[in-house]
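# Fold and geometry: a report
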Amino acid sequence: MIGLVDIQKAMARIRESIRLSPLVHSESLSTLSGNELYLKLENLQRTGSFKERGALNKILTLTDVEKSRGVIAASAGNHAQAVAYHATARGIRSRICMPLATPLVKVSATRGYGAEVVLHGRNYDEAYQEAVRQCEAEGLTFLHPFDDEAVIAGQGTLGLEMLAQNPALDVIIAPAGGGGLLGGLACAVKEINPRIEIVGVEAARLPSMAAALHASGPVTVDAATTIADGIAVRRVGELTLPLVRKYVDSMVVVEEEEIANAILLLLEREKTLAEGAGAAALAAVLQHKTAYKGKRIGLLVCGGNIDVTLLSRIIERGLVKDGRLVRLRIHLTDHPGALRRLCEVIEEQKANIVETMHDRAYYGVNLGDTVIDVTMETRGTSHIQELMAALSTAGYVHERVQ
């Protein structure tokens, strides 16, 4: 098991090549949570996540022979980019096996940093098996994304930084995938200040750490998809689990909608772009998965590499949930001028039409009538109620499309 000295050595080793990411206080999110929230913005690292710390520390501990063979890794994206960037910067050949469903932004970035990318398998586990096979067949040097002492120590440097930036923290909440970040950070923090509580957060669809703690050993949970692909690990590490068991106070899980809402809040309130795993810690606090009140809480925003298509869907669904985007299905007579009169009612209520769709054959429409789906930007739930009331007063039959 690694210790504080290993993490301190890792810090000295990587310090010149890793950005000191800010730990910023969020007034708006603090008000929402009832705690003082401090965001550790690891999404500002060169490759967009904390993974650089562990990958670089591992690379810097390789022998000349290991470097000459070239390195190989398996990753859903962030470890891949970290390995590619820091290996290329040191003249080391790198190859990354990534699942077929890896977001395009992560695949493109990994190639852009100089790695050879092999897309293989439906999930991380299948990509990992392929990486191991190629490693053994070609004599490459394998860089594990979390179950490696040098990697864990590198991730643990986050704990040292957070304590230096704010020694008064009461709680630190971090996401858990394979456990390298959570275990390393918890070790660093607890060895220096055991008063600080450490909470791990997992996606509810893949609670591999909670399952391992319950079973007193790593277990493989059922395969599932999650928007928090950075922590989509079915089996935690043999090296990371003892660290989590020793140093982490509690584990919680968050649902997909809760993660999506946290991504949107970070973007809108803090102008901070986070991927699913990067927003998991905030989701846990805002959804009251912890019972803290009035505490100084450090939250890991551990990565910002999110696919823009997914981000657009999250934004749109968030607007619908907040009542700032609504779709109404409205019945009206099918004759010239009918649509103009409907638009006048909508205009009077100051709603903005963004999309319309006519239908004369479905939804039980009578001959001579039509149905139109109107998508509108609104100010919120109360504005939607005012709009629907105005349509009723004007004689329109309508319903909200959920």
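Right, let's walk through the structure included here. (Residues numbered from 1 in each chain as written. Predicted model: local features only at pLDDT ≥ 70, side-chain atom pairs only at ≥ 80, totals over all residues. Heavy atoms only, no water.)

## Remarks on unusual backbone geometry
Of note, the phi angle at His288 is positive, near 60°, even though the residue is not glycine. For His288, a relative accessible area of 52% corresponds to the exposed category. Residues other than glycine seldom take positive phi values, yet Lys350 does so here, at roughly 60°. If you trace the backbone, Lys350 turns up in the loop between helix H15 (338-348) and strand S12 (352-359). A residue is classified by how much of its surface remains accessible, and Lys350, at 62% relative accessible area, is exposed. (Buried < 20%, exposed > 50% of the residue type's maximum accessible area, 1.4 Å probe, protein only. Helix = DSSP H or I, 4+ residues; strand = E, 2+ residues; numbered from the N terminus.)

## Here's the deal with the pattern of salt bridges
In this structure the tally under the stated criterion is 23 salt bridges. Glu386 is the salt-bridge partner of Arg379, the closest N and O atoms lying 3.9 Å from each other. Its relative accessible area of 57% is what places Arg379 among the exposed residues. (Salt bridge = Lys/Arg side-chain N within 4 Å of Asp/Glu carboxyl O.)

## Re H15
Helical geometry note: an α-helix holds 3.6 residues per turn, so side chains three or four residues apart project in the same direction. Looking only at H15, the buried set comprises Ala338, Leu342, Val345 and Ile346. The buried residues of H15 all sit within an arc of 95° when viewed along its axis, so they share a single face. Projecting away from the buried face of H15 at angles above 90 degrees are the exposed residues Glu347 and Glu348. Positive backbone phi, at 60°, marks Lys350, one or two positions downstream of H15. (Arc of directions from axis to C-beta.)

## Here's the deal with the packing of helix H1 (residues 4-14) against helix H8 (residues 149-165)
Between two packed helices, the angle of one axis relative to the other and the distance separating the axes together describe the packing. In contact at an axis separation of 8 Å, H1 and H8 are set at 90° when each is read in the N-to-C sense. One way to sum up the angle between H1 and H8 is to call them roughly perpendicular. Seen from H1, the contacting residues are Leu4, Asp6, Ile7, Gln8, Ala10, Met11 and Ile14; seen from H8, they are Ala153, Gly154, Gly156, Thr157, Leu160 and Glu161. The residue makeup of the contact of H1 with H8, split by class, is seven nonpolar, four polar and two charged. (Axes fitted to C-alpha atoms, helices over the stretch in contact; angles between N-to-C directions. Parallel < 35°, antiparallel > 145°, perpendicular 65-115°, else oblique. Contact = heavy atoms within 4.5 Å. Nonpolar A, V, L, I, M, F, W, Y, C, P; charged D, E, K, R; others polar.)

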